[in-house]
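# A closer look at the structure
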Amino acid sequence: MIKACIFDLDGVIVDTARYHFIAWKALADELGFDFTEKDNERLKGVSRMTSLDILLEIGGLDLPKEKKEELAKRKNEHYRSFILEMTPDEILPGAMKFIKELKDNDLKIALGSASKNAMTILDRLELTSWFDAVIDGTKVSNAKPDPEVFLKGAEALNLPPSECVVFEDAEAGVEAALAGGMKCVGIGSPEVLGKANLVVPGLHEMDIEKLSRL
Ligand code: B16
Ligand code: MG
């Protein structure tokens, strides 16, 4: 019996990928190489420092640790200038309705995100009080596909993984959920997220009935 939903943030509840893209692209421009939206797909669900490593690999650059830390800090400041302006209008279609439906049916809700900015984003979207637990990039040491973020979410809710369903838009996130012994709903394309128990294009396609059939 499903008693809780654990949501990834970026790509599931909100689309921050375009802000990450602008900030990473500015860094690539400064370093003198091209960075495309297709390249940006590789950074989804990936931690900030791993994202920087991928970006530098694309540019064929190998930089010392201190320089990388300085670049990641600067990228984050640029990114934060966008998220600090976010409003609840940016919540993706159907997310609020589904969250309310879950609460009306006494299900618990947690966040399981790689982002260290997750709390800022939830606050800007006025969503913080809806969540019973928030596990973000500040609370985990192993990135997805390691299941740590979702296992910590289930633990914070006091539930076994088998009673939790994860919503994820990244392949590594789907793998993390399944590795943790949870059901997973992929948000996006079945070609990428085929391992999930169900794939829907967005939370606007979810309801409590589909959840109960998982
Ligand atoms: P930050 P999610 C992830 O969020 C993003 O998809 C990924 O692109 C980003 O690099 C990562 O958070 C870290 O974000 O720089 O804010 O700590 O999809 O796990 O909610
Ligand atoms: Mg995501």
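Residues numbered from 1 in each chain as written. Chains lettered and ligands numbered in written order. Predicted model: local features only at pLDDT ≥ 70, side-chain atom pairs only at ≥ 80, totals over all residues. Heavy atoms only, no water.

Looking up the protein in an unreviewed UniProt entry gives the name Beta-phosphoglucomutase, with the organism given as Marinilabilia rubra. Turning to the protein, the UniProt record has this under Catalytic activity (unreviewed entry): "beta-D-glucose 1-phosphate = beta-D-glucose 6-phosphate". (UniProt positions renumbered as here; feature names shortened; annotations may be inferred.)

Inspection of the region around ligand 1 gives 17 residues, with Val46, Ala114, Ser115, Lys116 and Asn117 positioned closest. Side-chain polar atom of Ser51 to an oxygen atom of ligand 1: 3.4 Å apart, as the coordinates give it. Its free accessible area being 470 Å², ligand 1 has 98% of it covered by the protein chains. Of the residues in the shell around ligand 1, the class split is 5 nonpolar, 6 polar and 6 charged. (Near = heavy atom within 4 Å. Polar contact = N/O pair within 3.5 Å; in protein donor to acceptor, adjacent residues only side chain to side chain. Areas by Shrake-Rupley, 256 points an atom, 1.4 Å probe, with all protein chains shown as cover. Nonpolar A, V, L, I, M, F, W, Y, C, P; charged D, E, K, R; others polar.)

This part is about the side chain of Asp136. Mapping Asp136 onto the fold places it in the loop between strand S3 (133-135) and helix H7 (148-156). A polar contact of 2.5 Å, which involves the side chain of Asp136, links it to the side chain of Thr138. Beyond its immediate sequence surroundings of up to four residues, Asp136 is in contact with Ser113, Ser115, Ala118 and Met119. (Helix = DSSP H or I, 4+ residues; strand = E, 2+ residues; numbered from the N terminus. Contact = heavy atoms within 4.5 Å.)

Applying the stated criterion across every chain yields a total of 5 aromatic pairs. Judged by centre distance (5.5 Å) and plane angle (10°), the ring pair of Tyr19 and Phe82 falls under stacked. With Tyr19 in helix H1 (residues 17-31) and Phe82 in helix H4 (residues 65-83), this residue pair connects regions lying 63 residues apart in the sequence. Judged by relative accessible area, which is 10%, Tyr19 ranks as buried. What makes Phe82 partly exposed here is its relative accessible area of 23%. With a centroid separation of 5.5 Å and 65° between ring planes, the pair formed by Phe98 and Phe167 is classed as edge-to-face. Placement of Phe98 in helix H5 (residues 95-104) and of Phe167 in strand S4 (residues 164-168) is noted, with a sequence separation of 69 residues between them. Among the aromatic side chains, those forming a connected cluster through ring pairs are Phe7, Phe98 and Phe167. The ring of Tyr79 has Lys75 sitting right over it, with the charged end atom 4.5 Å from the ring centre. (Phe/Tyr/Trp six-rings, centres within 6.5 Å; stacked < 30°, edge-to-face > 60°. Buried < 20%, exposed > 50% of the residue type's maximum accessible area, 1.4 Å probe, protein only. Lys NZ or Arg CZ within 6 Å of the ring centre and 35° of its normal.)

This next bit is on the pattern of salt bridges. Any two side chains of opposite charge can pair, on the condition that their charged atoms come close. Summed over the entire model, instances satisfying the criterion amount to 20 salt bridges. One salt bridge in this structure joins Arg42 and Glu57, with 3.4 Å as the shortest N-O distance. Here the residue Arg42 occupies a position in the loop between helix H2 (37-41) and helix H3 (48-58), and Glu57 occupies one in helix H3, the gap between them amounting to 15 residues. Residue classification places Glu57 among the exposed positions, given a relative accessible area of 54%. Of the charged contacts, one joins Lys67 and Glu70 as a salt bridge, the two residues approaching to 3.2 Å between their closest N and O atoms. Taken together, the residues Lys67 and Glu70, both in helix H4 and 3 residues apart, mark about one turn of the helix. We classify Glu70 as partly exposed; its relative accessible area is 32%. (Salt bridge = Lys/Arg side-chain N within 4 Å of Asp/Glu carboxyl O.)

By the assigned domains, the protein splits into domain 1 (4-15 + 89-212) and domain 2 (17-83). One C-alpha centre belongs to domain 1, the other to domain 2, and the line joining them spans 25 Å. Opposite the 11 residues of domain 1 that make contact, domain 2 presents 11 residues. Of the roughly 1,000 Å² buried at the junction of domain 1 and domain 2 (both faces included), carbon and sulfur atoms supply 42%. Taken together, the connections running from domain 1 to domain 2 amount to 2 salt bridges. One salt bridge in this structure joins Asp15 and Arg18, with 4.0 Å as the shortest N-O distance. At the boundary of domain 1 with domain 2, the tally comes to 8 residue pairs in polar contact (both at pLDDT 80 or more). The residue makeup of the side of domain 1 that touches domain 2, split by class, is 3 nonpolar, 2 polar and 6 charged. (Domains from an automatic or database assignment. Buried area = accessible area lost by both parts, 1.4 Å probe.)

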